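Listed below, chain by chain, are the residues.
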Amino acid sequence: WCLLNFEHDQYQILKNHFVEILTGEGKSITLGVTAIILAMLDCDVVCVCYSAYLSSRDYASFQSMFEDFGVLGSIKYSTVKDACGELYDIGGDT
């Protein structure tokens, strides 16, 4: 499951959508490309996964592509626990 929580004033139509992608259907690729598109629209992107291993693997797989598109600094991969902790630390406001 992927939660797309896009809160850019000009693109409200993209706000809060769920997408289900089954095993073998390309979750990593879909998420990586979506992250690039959103980062190019000037969004800070956090890709969240339950597994630190999968999160690290996927980030490493796409890191050079993020660099090529000039969006490396706008994309972060994280675990659910770490992402929730960061939101809690800043008071839940993003």
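Residues numbered from 1 in each chain as written. Predicted model: local features only at pLDDT ≥ 70, side-chain atom pairs only at ≥ 80, totals over all residues. Heavy atoms only, no water.

Engineer: Would you mind showing me how to read the packing of aromatic side chains here?
Structural biologist: To describe a pair of aromatic rings, one takes the distance between the centres and the angle between the planes. With the rule as written, the count across this model stands at four aromatic pairs. When the centroid spacing of 6.1 Å and the interplanar angle of 20 degrees are considered together, the rings of Phe-62 and Phe-66 count as stacked. With Phe-62 and Phe-66 both in helix 2 (residues 52-68) and four residues apart, this pair spans about one turn of that helix. Judged by relative accessible area, Phe-62 falls into the buried class, the value being 9%. On the basis of relative accessible area, Phe-66 is assigned to the buried category, the value being 0%. Of the aromatic side chains, those joined through ring pairs into one cluster are Tyr-59, Phe-62, Phe-66 and Tyr-77. (Phe/Tyr/Trp six-rings, centres within 6.5 Å; stacked < 30°, edge-to-face > 60°. Helix = DSSP H or I, 4+ residues; strand = E, 2+ residues; numbered from the N terminus. Buried < 20%, exposed > 50% of the residue type's maximum accessible area, 1.4 Å probe, protein only.)

Engineer: Please clarify how unusual backbone geometry should be interpreted in this entry.
Structural biologist: Across the chain, the bulk of peptide bonds are trans and the bulk of non-glycine residues have phi less than zero. Even without being glycine, Asp-42 reaches a positive phi, approximately 75 degrees. Position of Asp-42 among the secondary structure elements: in the loop between helix 1 (27-40) and strand 3 (45-49). For Asp-42, a relative accessible area of 67% translates into the label exposed.

Engineer: Would you take a moment to explain helix 1 for this structure?
Structural biologist: Given 3.6 residues per turn, any residue in an α-helix points the same way as the ones three and four places further on. Counted at 1.5 Å a residue, the expected span for helix 1 with its 14 residues is 20 Å, and the 20 Å between its end C-alpha atoms agrees. Where helix 1 ends, the next residue or the one after it, Asp-42, has phi of about 75 degrees, a positive value. (Expected span 1.5 Å × (residues − 1).)

Engineer: What should I look at first to understand the pairing of strand 4 (residues 75-79) in this one?
Structural biologist: Successive side chains on a regular strand alternate, one facing one side of the sheet and the next facing the other. When you tally the buried positions in strand 4, you get four out of five residues, the bulk of the element. Where strand 3 meets strand 4, five bridges bridge the pair, whose relative direction is parallel. Residue Val-48 lies in a different strand from strand 4, and its bridge partner there is Ser-78. Once you follow strand 3 into helix 2 and on to strand 4, the crossover reads as right-handed. (Pairing = 2+ DSSP bridges. Right-handed = clockwise from strand over helix to strand, strands pointing away.)

Engineer: Is there a simple way to explain the packing of helix 1 against helix 2 in this structure?
Structural biologist: Between two packed helices, what matters for the description is the angle formed by their axes and the separation of those axes. Remark: helix 1 packs on helix 2, axes separated minimally by 10 Å, with the N-to-C direction vectors making an angle of 40 degrees. Judged on the interaxial angle alone, helix 2 and helix 1 are oblique. In this structure, helix 1 meets helix 2 at a crossing whose hand is right-handed. The segment helix 1 lies against helix 2, with Ser-28, Ile-29, Gly-32 and Ile-36 engaging Arg-57, Asp-58, Phe-62, Met-65 and Phe-66. (Axes fitted to C-alpha atoms, helices over the stretch in contact; angles between N-to-C directions. Parallel < 35°, antiparallel > 145°, perpendicular 65-115°, else oblique. Left-handed = near helix turned anticlockwise from the far one by under 90°. Contact = heavy atoms within 4.5 Å.)

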